[in-house]
Amino acid sequence: MRVLVTGVGRYLGAHLAARLAAHPRVGQVTGFDSAAPPSPLREMLDEHRVPVVTGEARDVAVALARSGADTVAHMGIISTPGVGGRAAMKEQNIIGTMQLLAACQVSSQVHKVVVRSSTAAYGASFRDPGVFTETTPPSLAPRGGFAKDVIEVEGYVRGFARRRPDVITTVMRLAPMVGPQAETTLTRYFSLPVVPTVLGRDPRLQFIHLDDALELLVRAVVENHPGTYNVAGEGVLVLSQAIRRAGRIAVPIVEPGLGALAALVRALRLGEFSHDQLDLLVHGRVVDTRALVEEFGVRPRSTAEAFDDFVRGRGLHRPAFAALRPDTVEAVERTLVEGMRRLGERVSRPADPSRAEVTR
Amino acid sequence: MTRPRKAAAAAAGDGPTVRRRRPAATTRRPSEADSTGGANGHRGRAAATVSTVAAAPEVEADNGATPGGNGATPDEDGVAAARSRPRARTDGAPRANGRRPAPAGEPGGPDDAAGADDWPERVADLLAFLRRRLTGRYEVDEFGFDPELTETVFYPLLRLLYRHYFRVEVIGAHHLPTHGPALLVANHSGTVPVDALMLSVAVHDETPTHRHMRLLGADLVFRIPVLSEFARKSGSTLACNPDAERLLRAGEVVGVFPEGFKGIGKHYRDRYKLQRFGRGGFVSAALRTGTPIVPVSIVGAEEIYPIIGSITPLAKVLGLPYFPVTPLFPWFGPLGLLPLPSKWLIEFSAPIPTVGRAEDADDPVVVFNVADQVRETIQQTLYALLERRPDPFS
């Protein structure tokens with residue numbers, strides 16, 4: 001099995017390529033991206049002997065033909081604008097996908113295509129059902145750029161699957177990824193000392209552990225799992241709960257002030273909050289993962305486990321950063337309960353000495 | 001990655017079993033809450049979590065333990081379950097557990113002892129609750145339902161209204177299944193959905209298994225900040241077929257008000273006249289999942305905020321279905337928000353079975369027939385209940 005992995009310039013694509021290269025059932029792995037990977041990723045890819053082809057979107061056809069790949073893992077769908085801003089992001093997501101699928105369609109050697117998608121495709125609104133299954137259409141068109149891209153990309157993939165029914169096509173809708181290594185807007189958000197939230201909103205969130213996401217993507221490439229799958233950890237954390245688990249303090253902000261705050265965050269270069277993420281922090285999003293578990297036969301870490309691992313791995317509980325550490329809270333509780341018990345004994349002893357004795 | 005088999009068991013535990021244990025945990029035993037939470041929510045860390053919190057529960061167990069000391073006997077779970085009833089209910093009733101060793105004959109009597117003895121334990125419960133809240137060590141289900149918060153905070157507050165203000169009387173509680181799914185279909189009234197809240201208290205307190213009713217709410221509810229989170233945390237979700245069927249398949253008791261805004265926002269002169277039942281989506285959901293439909297008739301909610309008019313332009317500006325004018329609102333400002341203390345009766349009628357009729361779920365004739373049957377049952381029951389309660393404020 002020879003694999004072409006797109007999007008190796010970013011964490012997910014590079015690590016998938018490295019894992020695939022190490023997999024016993026996979027032969028040659030070739031990476032493709034519009035720009036060369038940054039040095040740590042570059043070194044990892046070199047170590048696993050993954051050659052990287054860089055070029056524009058239309059160059060993917062040549063890269064595909066030269067690599068001799070029979071399987072394509074399309075990870076080149078980015079959720080946050082990079083250097084080129086939103087225009088470049090859209091270019092890469094949409095044109096990149098169209099060019100790749102066009103190349104696959106005319107190729108006689110490609111027999112499997114795995115596409116990285118996102119649960120952002122469902123949008124987030126108050127009119128949505130509580131839990132999305134793979135077949136639920138979004139009730140309102142999402143207003144975030146990434147969500148729009150993802151919907152469009154999935155449309156092209158469906159068209160491709162229709163025209164080439166002989167090719168196994170898998171779409172993996174990934175929930176927001178967390179983990180000690182994950183570096184996303186959301187992980188930076190939870191690392192802030194005080195976390196801005198939306199007043200009167202406590203959205204339900206779901207995460208997938210980065211390692212589990214990679215593992216499932218490897219399986220999607222190596223095994224045959226045609227179809228569309230929600231990839232998320234079971235269970236739910238509400239935002240306030242997640243913030244407390246991370247030992248942070250929430251600062252509620254009224255909904256109209258949200259756009260201004262996002263602009264401020266952008267101006268201060270603290271991160272990039274898109275409409276996708278703002279809507280997520282207002283309405284939340286939960287997906288059904290039954291299809292994934294049944295088809296892949298494995299169960300990724302639950303949302304809570306994944307998040308706790310992220311909190312531990314990042315050392316978010318370190319004293320300097322945590323406002324409310326769980327052990328501090330427990331110690332306070334213990335002291336209070338202990339003090340109360342003593343007080344209770346003192347009160348009850350004169351009244352009933354024999355009893356107090358036994359209690360002690 | 002975990003092995004699917006073991007994880008599947010844990011997932012199954014996510015359902016009713018854990019939830020049934022929870023009340024016990026919330027009222028008394030944080031150690032148990034933490035261990036179930038650990039087993040379920042964060043398996044990987046379970047051991048660590050339990051060991052770090054172990055100290056607090058020990059102290060507490062010490063505190064609660066008594067010379068009689070069956071604190072550690074095997075029937076503890078049963079004891080805890082018995083205690084899971086809300087305190088306000090059990091207060092005054094002799095308790096069946098061995099927490100207080102004093103036999104009934106001992107001077108002072110059991111209840112006397114309770115008053116003096118109970119408070120450290122109560123405060124400990126409260127502290128444990130606060131600790132779980134502050135550290136985020138609690139669980140919500142996929143719809144955002146937070147059973148601990150609901151039982152510890154929401155229900156006790158609502159129970160004050162339920163018992164002392166509206167003096168709710170429940171008839172036919174035996175029609176509520178103790179296990180498995182049921183679809184409660186009720187009449188809707190009262191300008192503000194207080195009837196839905198009172199119905200959830202009734203379902204919780206009148207079922208021996210203390211079931212939580214999962215309400216299906218209008219999208220308006222989920223658009224409004226604060227309200228939307230209160231709704232989600234108390235177990236509501238959007239009234240749509242995917243959510244309804246998902247909850248019913250999970251074996252939950254689901255409550256629905258098919259009249260919607262037509263019912264809750266109707267003029268006072270139309271009180272106790274059932275409005276149209278929409279498309280009957282609830283019937284389809286019940287047929288598809290084979291869930292019995294329990295008609296519920298609520299008398300009393302009509303009088304709490306009698307609507308005598310609606311300021312339509314204002315409602316349009318605010319994006320509301322109506323802007324109510326009652327004898328007190330908006331004339332008397334905040335005073336107008338006070339509901340009138342009507343006397344409430346809630347009757348659960350015999351369930352309408354739907355097993356084995358999944359193929360009828362898309363047949364409009366069948367759906368409308370069943371909807372009419374439910375509607376007729378509720379309407380007739382309402383008339384009967386009104387005869388029992390001639391004076392709304394008795």
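Residues numbered from 1 in each chain as written. Chains lettered and ligands numbered in written order. Predicted model: local features only at pLDDT ≥ 70, side-chain atom pairs only at ≥ 80, totals over all residues.

**Let's talk about the overall build of chain A**
As a reminder, the rule being used: Counting from the N terminus, the helices are the DSSP runs of H or I reaching at least four residues and the strands are the DSSP runs of E reaching at least two. Labels follow a simple rule on C-beta atoms placed from the backbone: if 20 or more others lie within 10 Å of a residue's own, it is buried; if 12 or fewer, it is exposed; otherwise it is partly exposed. Note on contacts: each residue gets a C-beta atom placed from the backbone, and two residues are in contact if those atoms are within 7 Å.
When helices and strands are counted, chain A shows 14 helices and 13 strands. With the principal axes as the frame, chain A shows a C-alpha extent of 90 × 45 × 40 Å. Buried residues in chain A amount to 50% of all 360 residues. Once local pairs closer than 6 in sequence are excluded, the contacts in chain A between residues at least 24 apart make up 80%.

**Some details on the overall build of chain B**
Within chain B, the secondary structure is distributed over 16 helices and nine strands. Buried positions account for 42% of the 394 residues belonging to chain B.

**Description of the sheet that holds strand β11 (residues 227-231) of chain A**
All names here are of chain A. To keep it simple, the criterion reads: In short, DSSP must find at least two bridges between two strands for them to pair. Angles shown run from 0 to 180 degrees and are taken between the N-to-C directions of axes, each axis being a line fitted to C-alpha atoms and, for helices, limited to the stretch in contact.
Overall, parallel pairing links the seven strands, which are arranged β3-β2-β1-β4-β5-β6-β11 in an open sheet. The open sheet has two edge strands with one neighbour each: β3 (52-54) and β11. Strand-to-strand twist across the sheet, computed as the mean angle between neighbouring axes with direction ignored, equals 20°. Where strand β1 (residues 3-6) and strand β2 (residues 29-33) come together, four bridges link them in parallel fashion. Counted as the bridge partner of V3 is V29 from β2. Each of β5 (112-118) and β6 (168-174) touches helix α5 (residues 145-163); the most contacted strand, β5, lies at about 160° to it.

**Digging into the sheet that holds strand β5 (residues 253-256) of chain B**
All names here are of chain B. Taken in spatial order, the seven strands of this open sheet run β1-β9-β6-β2-β5-β3-β4, and their pairing is mixed. Edge strands, defined here as strands with exactly one partner in the open sheet, are β1 (169-171) and β4 (237-238). Across three bridges, strand β3 (residues 213-217) lies against β5 in parallel orientation. Looking at β5, one finds that M213 is bridged to V253. Contacts from helix α9 (residues 194-206) reach β1, β2 (182-186), β3, β5, β6 (293-299) and β9 (345-348), with the element oriented near 160° to β3.

**Overview of the environment of V3(A)**
Structurally, V3(A) can be placed in strand β1. Those residues in contact with V3(A) that lie beyond four places of it in its chain are L20(A), V26(A), V29(A), A69(A), T71(A), A73(A) and V221(A).

**A look at the nonpolar core**
For soluble globular proteins, nonpolar side chains are generally found buried alongside one another. Keep this limit in mind: To define a nonpolar core, we join buried Ala, Val, Leu, Ile, Met, Phe, Trp, Tyr and Cys residues through C-beta atoms within 7 Å and take the resulting set.
In this structure, V5(A), L16(A), A17(A), L217(A) and V231(A) are the most contacted members of the largest nonpolar core, which totals 98 residues. Not counting the four nearest positions on each side in its chain, L16(A) is found in contact with V5(A), A73(A), M75(A), L214(A), L217(A) and V218(A). The next biggest cluster of nonpolar side chains, apart from the first, holds 61 residues, and it includes A186(B), L215(B), A244(B) and L248(B).

**Points about the packing of helix α1 (residues 11-22) of chain A against helix α7 (residues 210-222) of chain A**
Residues and elements named next belong to chain A. Basically, it comes down to this: The labels follow the angle: roughly parallel below 35 degrees, roughly antiparallel above 145, roughly perpendicular from 65 to 115, and oblique for the rest. Handedness of each helix crossing follows the sense of rotation of the near helix against the far helix: counterclockwise by less than a right angle gives left-handed, clockwise gives right-handed. Under the convention adopted here, Pro, Cys and the residues Ala, Val, Leu, Ile, Met, Phe, Trp and Tyr are nonpolar, Asp, Glu, Lys and Arg are charged, and Gly plus all remaining residues are polar.
Packing of α1 against α7 leaves a shortest axis separation of 10 Å and a crossing angle of 55°. Comparing their axes, α7 and α1 come out oblique. Between α1 and α7 the crossing geometry is right-handed. Contacts between α1 and α7 involve H15, L16, R19 and L20 from the former and L214, L217, V218 and V221 from the latter. Here the contact of α1 with α7 is composed, by residue class, of six nonpolar, one polar and one charged.

**Some details on the confidence of the model for chain B**
Defined as follows: For every residue, the predictor reports its confidence as pLDDT, a number between 0 and 100.
Predicted confidence across chain B gives a mean pLDDT of 77, with 70% of residues reaching 70 or more. For the stretch residues 2-114 of chain B, pLDDT sits under 50, and the model shows 145 contacts to residues farther than four places along the chain or on other chains.

**Describing the pairing of β5(A)**
Residues and elements named next belong to chain A. Counted residue by residue, β5 has seven buried out of seven residues, so it is predominantly covered. A two-sided burial pattern is seen for β5, the buried positions comprising K112, V114, R116 and S118 on one face and V113, V115 and S117 on the other. Sheet topology places strand β4 (residues 71-74) next to β5; four bridges connect them, and they run parallel. When the sheet's bridge partners are listed, A73 is paired in β5 with V114.

**Describing the packing of helix α8 (residues 147-165) of chain B against α9(B)**
All names here are of chain B. In contact at an axis separation of 10 Å, α8 and α9 are set at 100° when each is read in the N-to-C sense. Relative to α9, the element α8 lies roughly perpendicular. Residues Y155, L158, R159 and Y162 of α8 touch α9, and the partners they reach there are L197, M198, V201 and H204. Grouping the constituent residues of the contact of α8 with α9 by class yields six nonpolar, one polar and one charged.

**What about the environment of V106(A)?**
Residue and element names in this part refer to chain A. In this structure, V106 sits in helix α4 (residues 85-106). Residue V106 is classed as exposed on the basis of its 11 C-beta neighbours within 10 Å. Expressed as a C-alpha distance, the spacing of V106 and A61, which sit 45 residues apart in the sequence, is 9.5 Å.

**A word on unusual backbone geometry**
Residues and elements named next belong to chain B. At the junction of F329 and P330, the peptide bond is cis and its omega measures out at 0° in the coordinates. On the secondary structure map, P330 appears in the loop between β8 (324-325) and β9. Its identity as a non-glycine residue notwithstanding, V226 has a phi of 70°, on the positive side. With respect to the helices and strands, V226 occurs in the loop between α10 (219-223) and α11 (227-233). Judged by local crowding, V226 falls into the exposed class, with 11 C-beta atoms found within 10 Å.

**Notes on the confidence of the model for chain A**
The share of residues in chain A with pLDDT of 70 or more is 93%, and the mean pLDDT across the chain is 88. In the predicted structure, residues 352-360 of chain A sits below a pLDDT of 50 and forms nine contacts with residues beyond four places in sequence or in another chain.

**Describing the environment of S34(A)**
Among the secondary structure elements, S34(A) is positioned in the loop between β2 and α2 (39-47). Spatially, the C-alpha atoms of S34(A) and A57(A) are 7.0 Å apart, while their sequence positions differ by 23 residues.

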